[in-house]
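# Descriptive analysis of the structure
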Amino acid sequence: MSEAADFIYERQELVRFGHCDPAGIVFFPRYHEMLNALVEDWITEGLGVDYAQLLGQRRVGLPTVELTSEFKAISRMGDWLSQRLRILRLGRSSLQLEIRFVGRDDSQLRARFEQVIVCTSLETHRAQAFPPDLRAALEARAPGAVQP
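Before going into details, it helps to say that this report is about the structure given with it. (Residues numbered from 1 in each chain as written. Predicted model: local features only at pLDDT ≥ 70, side-chain atom pairs only at ≥ 80, totals over all residues. Heavy atoms only, no water.)

## Describing the sheet that holds strand β1 (residues 9-14)
Here is the rule: Think of it this way: DSSP has to see at least two bridges between two strands before they count as a pair. Counting from the N terminus, the helices are DSSP H or I runs at least four residues long and the strands are E runs at least two residues long. Axis angles are defined between N-to-C directions and span 0 to 180 degrees, where every axis is a line fitted to C-alpha atoms and, for a helix, only to the segment in contact. Contacts are assigned to residue pairs with any non-hydrogen atoms lying within 4.5 Å of each other.
With respect to topology, 5 strands assemble into an open sheet ordered β1-β4-β5-β6-β3, the strand pairing being antiparallel. The two strands at the open ends of the sheet, each matched to only one other strand, are β1 and β3 (64-71). Between one strand and the next, the sheet's axes are offset by a mean angle of 20°, whatever the strand orientation. In this sheet, strand β5 (residues 94-103) lies alongside strand β4 (residues 80-90) in antiparallel orientation, the contact comprising 9 bridges. Pairing of L81 across the sheet is with G103, part of β5. Against the sheet, helix α1 (residues 28-46) touches β1, β3, β4, β5 and β6 (109-118), its axis set at about 135° to β1.

Here it is, written out as structure tokens:
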């Protein structure tokens, strides 16, 4: 089984001029912007829970509380990145993810992230349990990651 099979969501992104610094390579904060967009799309497309409604009408926040980043190889304008995501741990109100950006054409690991997201109320800004629909979608995609 390939490494990609271990990941539950994958998409492709083209490295654009705006992602790059004057040296012509992806400027590291742009990887973080790509990461955030990937997580938003995963929740909406991969889990079937509208991210905009979650934050807007439902007032459920999903802030990042911990993020580790490893930059392994450069990416240049015109490269395609396979962005892969998997759940490492699912708690009552927190979620730990692993995300990898891999060169689509050469399978070279470009960047790796571990991210902890906490479900919060946007009214109180305190942790709360995941809403039932989001919780069910998360559990269905990573039953082995659920923590008591």
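## Points about unusual backbone geometry
For clarity, the cut-off: Working definition: with a 1.4 Å probe on protein chains only, accessible area under 20% of the residue-type maximum means buried, over 50% means exposed, and in between means partly exposed.
Notably, S107 is not glycine yet its phi reads approximately 60°, a positive angle. Along the chain, S107 turns up in the loop between β5 and β6. For H125, which is not glycine, the phi torsion reads 60° and is therefore positive. Residue class for H125 comes out exposed when judged on its relative accessible area of 59%.

## Side note on the nonpolar core
Nonpolar side chains in soluble globular proteins generally cluster together in the buried interior. Worth spelling out the cut-off: As used in this record, nonpolar core signifies buried Ala, Val, Leu, Ile, Met, Phe, Trp, Tyr and Cys residues forming a set joined through side-chain atoms within 4.5 Å.
Formed by 35 residues in total, the largest nonpolar core has its most connected members in W42, L62, I87, L97, F101 and L138. Those elements giving two or more residues to this core turn out to be α1, α2 (51-55), β4, β5, β6 and α3 (132-141). Residue contributions to this core peak at 7 residues, all from α1. If near-sequence neighbours (up to four positions away) are discounted, F101 is found in contact with Y31, M34, L35, L38, L81, S82, Q83, Q108, L109, R110, A111 and F113.

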